[in-house]
Amino acid sequence: MITEECIACGACEAECPNDAIYEAGKDWVIGGETKQSLNDEHTYIVPDKCTECVGFHDEPQCIPACPTEAIIMDPDHPEDKTALLAKKEHLDAVGR
Ligand code: SF4
Ligand code: SF4
């Protein structure tokens with residue numbers, strides 16, 4: 001998840017293999033469907049698209065890319081590797 005420390009630099013968006021990161025107020029897309037923005041205040045991560053980089057990399061790529069340490073693991077929504085891999089396979093099937 002992205003916190004208020006975000007300065008909207010865009011560095012994280014370029015690193016995400018799932019296209020799960022969107023600018024504030026921008027609608028997001030999954031499987032060709034457009035969905036309403038989840039955050040009008042700062043850059044945000046779509047939980048339905050973030051696999052914590054499972055299936056692509058050993059570690060989340062967005063976290064070290066952020067110059068303000070605005071990206072943290074969401075403590076309220078832990079997900080196990082099996083579920084994250086299933087999410088990645090779903091995105092493979094429907095499209096990011
Ligand atoms: S952890 Fe990986 S998949 Fe999730 S938002 Fe960051 S770069 Fe994208
Ligand atoms: S890299 Fe950090 S500061 Fe830049 S847009 Fe992403 S969360 Fe915001």
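You'll find the structure just up there.
These numbers were taken from a predicted model, which means no experiment stands behind them.

Q: Can you lay out the environment of Leu91 for me, pointing to particular residues and giving the numbers?
A: Assignment of secondary structure puts Leu91 in helix α3 (residues 81–94). Accessibility expressed as a relative area gives 0% for Leu91, which makes it buried. For the pair Leu91 and Cys6, spaced 85 residues apart in the sequence, the C-alpha separation amounts to 26 Å. Apart from the residues within four sequence positions on either side, Leu91 is in contact with Asn18, Ile30, Asp48, Lys49, Thr51 and Arg96.

Q: Now, about the nonpolar core: what can you tell me, with residues and values included?
A: Residues Ile2, Cys12, Cys16, Ala20, Ile21, Ile45, Cys62, Cys66, Ala70 and Ile71 constitute the largest nonpolar core, which totals 10 residues. Counting 6 residues, the second largest nonpolar core, distinct from the first, contains Tyr22, Ile30, Tyr44 and Val46.

Q: Give me the lowdown on the site of ligand 2, citing residues and values where you can.
A: Around ligand 2 sit 13 residues, and of these Cys6, Cys9, Gly10, Cys12 and Cys66 come closest. Structurally, ligand 2 is housed in the largest cavity. Among the residues making up the shell around ligand 2, the classes are represented as 10 nonpolar, 3 polar and no charged.

Q: Kindly report on the pattern of salt bridges, identifying the contributing residues and their values.
A: Pairs can form between side chains of opposite charge whenever their charged atoms are close. For the structure shown, the criterion picks out 4 salt bridges. Between Lys35 and Glu33 there is a salt bridge, and its shortest N-O distance comes to 3.5 Å. Residues Lys87 and Glu79 are paired through a salt bridge, measuring 2.9 Å at the closest nitrogen-oxygen approach. Classification of Lys87 as buried rests on a relative accessible area of 13%. Residue class for Glu79 comes out partly exposed when judged on its relative accessible area of 36%.

Q: Before we move on, can you summarise the site of ligand 1 with the specific residues and values?
A: By nearness alone, every residue bordering ligand 1 is listed as Cys16, Pro17, Asn18, Ile21, Ile45, Cys50, Thr51, Glu52, Cys53, Pro60 and Cys62. In terms of residue class, the shell around ligand 1 is built from 8 nonpolar, 2 polar and 1 charged.

Q: I'd love a proper account of a negative patch on the surface, names of residues and values included.
A: A cluster of like negative charges, contributed by Glu4, Glu5, Asp40 and Glu41, occupies part of the molecular surface. Summarising the element assignment, Asp40 is placed in the loop between β3 (33–35) and β4 (44–45). Exposure remark for Asp40: the relative accessible area of 60% places this residue in the exposed category.

Reading the values: the criteria
Residues numbered from 1 in each chain as written. Chains lettered and ligands numbered in written order. Predicted model: local features only at pLDDT ≥ 70, side-chain atom pairs only at ≥ 80, totals over all residues. Heavy atoms only, no water. Helix = DSSP H or I, 4+ residues; strand = E, 2+ residues; numbered from the N terminus. Buried < 20%, exposed > 50% of the residue type's maximum accessible area, 1.4 Å probe, protein only. Contact = heavy atoms within 4.5 Å. Core = buried A, V, L, I, M, F, W, Y, C linked by side-chain atoms within 4.5 Å. Near = heavy atom within 4 Å. 1 Å grid on protein atoms, 1.4 Å probe; cavity = no way out; pocket = protein on both sides within 12 Å on 5 of 7 lines; lining within 4 Å. Sits in = over half its atoms within 2 Å of the grid points. Nonpolar A, V, L, I, M, F, W, Y, C, P; charged D, E, K, R; others polar. Salt bridge = Lys/Arg side-chain N within 4 Å of Asp/Glu carboxyl O. Patch = residues over 30% accessible without salt bridge, like charges linked within 9 Å, V, L, I, M, F, W, Y side chains within 5 Å. Areas by Shrake-Rupley, 256 points an atom, 1.4 Å probe, with all protein chains shown as cover. Lys, Arg positive; Asp, Glu negative; His and termini not counted. Charge placed at Lys NZ, Arg CZ, Asp CG, Glu CD.

Take it as geometry only, folks, not as evidence of what the structure does.
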